[in-house]
Number of protein chains: 2
Amino acid sequence: MVRRAWVAAALCAGAALGAPPKTLSELLAQSPAADWRLLDPANTLYMEIPQGRVVIELAPHFAPQSPANIGTLAKAGYFDGLAIIRAQDNYVVQWGDPDEKNPKSLGAAKAKIPPEFTHAAKGFPFTKLPDVDTYAAETGFSAGFPAARDPKSGRAWLVHCYAMVGVGRDNAEDSGSGAELYAIIGNAARLLDRNITVVGRVVQGIDLLSPMKRGTGALGFYEKPEERTPIREVKLASELPAEKRMPLEALRTDSKTFATLVQMRRFRKDDWYKVPAGHVDVCNVPLPVRLRKD
Amino acid sequence: MVRRAWVAAALCAGAALGAPPKTLSELLAQSPAADWRLLDPANTLYMEIPQGRVVIELAPHFAPQSPANIGTLAKAGYFDGLAIIRAQDNYVVQWGDPDEKNPKSLGAAKAKIPPEFTHAAKGFPFTKLPDVDTYAAETGFSAGFPAARDPKSGRAWLVHCYAMVGVGRDNAEDSGSGAELYAIIGNAARLLDRNITVVGRVVQGIDLLSPMKRGTGALGFYEKPEERTPIREVKLASELPAEKRMPLEALRTDSKTFATLVQMRRFRKDDWYKVPAGHVDVCNVPLPVRLRKD
């Protein structure tokens, strides 16, 4: 909501050499290579739609069974030819098999998976944020994903921030297989936390999903087949030869650079920002991902 | 992220007559007429774009000068023929004059307005939420808008939830006139709170703005003129004859029905929801608006 005159000025204002970073871009440009991690090709999905490629990082450290099942489905070509079937404003875009009457076979993949809604907090990686949260005793980041923790119950979970990906299910807790997935495209849907299996995050291409035409049916499901966006293909990066994989790297959420990023975000003050919030919630912390330069 | 089989089941499950409401729709259907207020035509904007009508309720009780200036601009036809000039993913859609070199005259409207970023908490209507918030000592609702309050500083402000509308400005605090406006189309942008003048909320048609193609320039500004969405016209509802105004009514945020809505949201539990959050943040409370039936 800055005006363009300001944008131009900000882009021209280079930082003095060696000065402490004033912007996120400067911070990332100065960060050591060790603060970044390459995405694991065995847990990275490439979803090809007419608009381009959507890249999803899976989180097997949180929900081991669901990502494994999604991998089985992807390797069997299950998603190829399916579609985006739902776009509900300020909520989710969802994809899967549009044919309810004659659904595609899941092949060797499981049709039901026990709920992976939460995880034992003990041993679960967690970098804690200092600020209070409306929903959880503690929030922070776990191996690159926004997360929460409750010392009382001893449980931890991934939270429904923008671009997070989860497993659609029916009423039964074990009814989600990963054959139908959704991504958050609006305000953080924190009421969903602990009610559904979160499996990952869109690390590139959420801006291809978020502008999808909203569906006019109940809950944003498309009413006409031609409104759906076809999915050409979903593959694990590991299925591609090494030279065809994207060398995407994510800033480690347990790194010093990330800790600085959090502080810069909490106390954001520059020529435009007059009043630093002094706080930040788990869904307002950027999680940088970039192409590794060789 | 429910699957469609469940959606169909939920839609067919009618509530028993006279039973306490189980869903938001049931609650609203049972609510007394007095819990609703008609939008004030003198503070309601109709913005006509090719996709349809976007309706914005202005909040003069919070920021009197900016909505008045926007009204002056609308009455003079200032916005007619301007455009959506920016769409930044998970952030804002912004509109105004695309011509920076030969900008349209503001006519009788002011070019600068003293910042209306916060308001005295004393006398400011406020219905408090019970849960803690990351950013503010208190959050709640003020005359239909999401708001926050700080007893220490004695200030209150409207918060940047989804669909909230604010006044674009340059670095100077008084540089926003209302000639350039933005609406939040992603996660609540709470870092903006108290840094910019919030003037209202999109009460209908945010789903026409949120799917706009994202701009590829810095901060999501469109790089090519043809990417911009033209604005045919912006009028105050009060400029139209009474029979052409939309009889939109909003649920009063100081009503008993709204208090029940908040509780239902905090303790959402049904056939699908297994674990109620037990809390709700100010940006996850729906603010119902509907056409009044005569």
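Engineer: Could you give me a rundown of the interface of chain B and chain A, with the residues and numbers involved?
Structural biologist: If you look at the interface, chain B gives 58 residues, while chain A gives 58 residues. Those elements that place two or more of their residues in the side of chain B that touches chain A are helix 1 (4–12), strand 5 (92–96) and helix 4 (206–209) of chain B. For the side of chain B that touches chain A, the element with the most residues is helix 1 of chain B, which contributes five residues. In terms of residue class, the side of chain B that touches chain A is made up of 26 nonpolar, 12 polar and 20 charged.

Engineer: Please give an account of the nonpolar core that cites residues and values.
Structural biologist: Note on soluble globular proteins: their nonpolar side chains tend to be buried together. Of all hydrophobic cores here, the largest spans 160 residues; its most connected members are Ala183 of chain A together with Ala183 of chain B. With near-sequence residues (within four places) excluded, Ala183 of chain A lies in contact with Val92, Val93, Ala163, Val165, Val202, Ile206 and Leu209 of chain A.

Engineer: Break down helix 3 (residues 65–75) of chain A for me, with residues and values.
Structural biologist: Residue and element names in this part refer to chain A. Three or more residues of helix 3 are buried, namely Ser66, Pro67, Asn69, Ile70, Gly71, Leu73 and Ala74. Turning to helix 3, the residues buried within the fold contact strand 2 (44–49), strand 3 (52–58), strand 11 (164–167), strand 13 (198–204) and strand 15 (233–236). Just beyond helix 3, the residue with positive phi is Gly77, at close to 75 degrees.

Engineer: Explain the relation of the copies chain B and chain A to me, using residue names and the numbers behind them.
Structural biologist: Rotating chain B by 180 degrees and moving it 0.0 Å along the rotation axis overlays it on chain A with an RMSD of 0.0 Å. As the rotation angle and translation indicate, the two copies are arranged about a two-fold axis. Looking at the interface residues of chain B, 100% of them are also at the interface in chain A, so both copies use one shared face.

Engineer: Break down the sheet that holds strand 13 (residues 198–204) of chain B for me, citing the residues and quoting the values.
Structural biologist: Whenever strands of a sheet pair, they do so through backbone hydrogen bonds, lying parallel or antiparallel. Residues and elements named next belong to chain B. Strand order across the open sheet formed by nine strands is 14-4-5-12-11-13-3-2-15, with antiparallel pairing between neighbours. This sheet does not close on itself; its edge strands, each paired only once, are strand 14 (229–230) and strand 15 (233–236). Sheet analysis places strand 4 (residues 83–88) next to strand 5, joined by five bridges and oriented antiparallel. Residue Arg86 lies in a different strand from strand 5, and its bridge partner there is Gln94.

Engineer: Describe the sheet that holds strand 9 (residues 145–150) of chain B, and please don't skip the residues or the numbers.
Structural biologist: All names here are of chain B. Strand order in the open sheet formed by five strands is 6-10-9-8-7, with antiparallel pairing between adjacent strands. Each edge of the open sheet carries a strand with a single partner, namely strand 6 (119–120) and strand 7 (127–128). With four bridges connecting them, strand 9 and strand 10 (residues 155–158) associate as antiparallel partners. Paired with Arg149 across the two strands is Ala156, which belongs to strand 10.

Engineer: Quick one: what's the story with the confidence of the model for chain A, residue by residue and with numbers?
Structural biologist: Per-chain confidence: chain A averages 94 in pLDDT, with 94% of residues scoring 70 or above. Confidence over residues 8–17 of chain A falls short of pLDDT 50; this stretch has four contacts with residues more than four positions distant or in other chains.

Engineer: Tell me about unusual backbone geometry, residues and numbers included.
Structural biologist: Residues apart from glycine generally show negative phi values, whereas peptide bonds are mostly found in trans. Phi is positive for Ala143 of chain A, close to 50 degrees, though the residue is something other than glycine. Residue placement: Ala143 of chain A occurs in the loop between strand 8 (138–142) and strand 9 (145–150). Positive phi outside glycine occurs at Arg194 of chain B, with the angle close to 75 degrees. Tracing the backbone shows Arg194 of chain B in the loop between strand 12 (181–184) and strand 13. In this structure Arg194 of chain B comes out as buried when scored by C-beta crowding, with 25 C-beta atoms within 10 Å.

Engineer: So what about the environment of Leu208 of chain B? Which residues, and what values?
Structural biologist: All names here are of chain B. If you trace the backbone, Leu208 turns up in helix 4. C-beta crowding within 10 Å serves as the criterion here: with 20 such atoms nearby, Leu208 is assigned to the buried category. When the C-alpha atoms of Leu208 and Leu73 are compared, they prove to be 23 Å apart, with 135 residues separating the residues in sequence. Among residues more than four places away in sequence, those in contact with Leu208 are Ile49, Gln51, Gly52 and Val54.

Engineer: Describe the environment of Arg228 of chain A, with residues and values.
Structural biologist: All names here are of chain A. Here Arg228 shows up in the loop between helix 4 (206–209) and strand 14 (229–230). Linking Arg228 and Thr127, residues 101 residues apart in sequence, is a C-alpha distance of 39 Å. Filtering out sequence-adjacent residues up to four positions away, Arg228 remains in contact with Ala83, Ile84, Ile85, Pro98 and Tyr222.

Parameters at a glance
- Residues numbered from 1 in each chain as written.
- Chains lettered and ligands numbered in written order.
- Predicted model: local features only at pLDDT ≥ 70, side-chain atom pairs only at ≥ 80, totals over all residues.
- Contact = placed C-beta atoms within 7 Å.
- Helix = DSSP H or I, 4+ residues; strand = E, 2+ residues; numbered from the N terminus.
- Nonpolar A, V, L, I, M, F, W, Y, C, P; charged D, E, K, R; others polar.
- Core = buried A, V, L, I, M, F, W, Y, C linked by C-beta atoms within 7 Å.
- Buried ≥ 20, exposed ≤ 12 C-beta atoms within 10 Å, placed from the backbone.
- Least-squares fit on C-alpha atoms with pLDDT ≥ 70 in both.
- Pairing = 2+ DSSP bridges.
- pLDDT = per-residue confidence, 0-100.

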